[in-house]
Amino acid sequence: MDFKSASIRLIASIFERLEVDLPDISHTDGSLDAFGRKSLEELPENGPLPVGELAEKVGLSKPPCQNRFKRLIAEGFIQGFKAVLNPAKMNLDHIAFAEVKLTNTHEAALTSFNAAVKKIKEVEECHMIAGRFDYLLKIRTRDIKKYRLVLGERISNLPYVANTSTNVAMETVKERG
């Protein structure tokens, strides 16, 4: 009985030392070491993997991998996990990209537009663009009729919108969930 207890204490102390003595996964300049980069490459493609599986893919044993994974979360490299929904099953097959030109690009106008566009649930993505228009919106709806309503009644009425131009996706070749 004493032999097992002593062995367990020894193993526990080794793991404690491993977690304490592991090198930082991020360097002072914010860059990641090879194990951190490899972990982050695996996760978007494979979702939240069991730690043992992730450890195998990145070439670490389970305890240090779990410790590094926690640090990736704590240091903000991983912001969270989400369910990837199937748009076709939800009858949301129509994707349009709206180019939006504003009447004014002063900071107050941009802030006002940004706050308002976030409230439109059909807008999946909104990117400020340097170029011939100011914003590019990815809008997902069930069909072109619904898109026309969203564009005409919601997007065109956003603060400082001068005009819009639409590009409709014919097929999605690659999309990150």
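Our structure is the block above this text.
Now for a description of the structure that goes with this document. Small disclaimer: the values here were computed from a predicted structure and weren't measured. (Residues numbered from 1 in each chain as written. Predicted model: local features only at pLDDT ≥ 70, side-chain atom pairs only at ≥ 80, totals over all residues. Heavy atoms only, no water.)

This structure, assessed with the given rule, holds 8 salt bridges. The partner of R154 in a salt bridge is E122, with the nearest N and O atoms 3.6 Å apart. Placement of the pair is R154 in helix α6 (residues 144-155) and E122 in the loop between α5 (107-117) and β2 (123-128), with a sequence separation of 32 residues. Here E175 ties to K138 by a salt bridge, and the two come within 2.3 Å at their closest N and O atoms. Residue E175 is located in the segment after β4 (161-168), and its partner K138 is located in strand β3 (residues 135-141); the two are separated by 37 residues in the primary sequence. On the basis of relative accessible area, E175 is assigned to the partly exposed category, the value being 40%. Relative accessible area serves as the criterion here: at 9%, K138 is assigned to the buried category. (Salt bridge = Lys/Arg side-chain N within 4 Å of Asp/Glu carboxyl O. Helix = DSSP H or I, 4+ residues; strand = E, 2+ residues; numbered from the N terminus. Buried < 20%, exposed > 50% of the residue type's maximum accessible area, 1.4 Å probe, protein only.)

The backbone of N91 sits at a positive phi, close to 60°, despite the residue not being glycine. Tracing the backbone through its elements, the reader meets N91 in the loop between α4 (62-74) and β1 (94-102). Look at N91 and you get partly exposed, because its relative accessible area is 48%. Unusually for a residue other than glycine, Y160 sits at a positive phi of about 70°. Residue placement: Y160 occurs in the loop between α6 and β4. Taking relative accessible area as the criterion, Y160 reaches 36% and is therefore assigned partly exposed.

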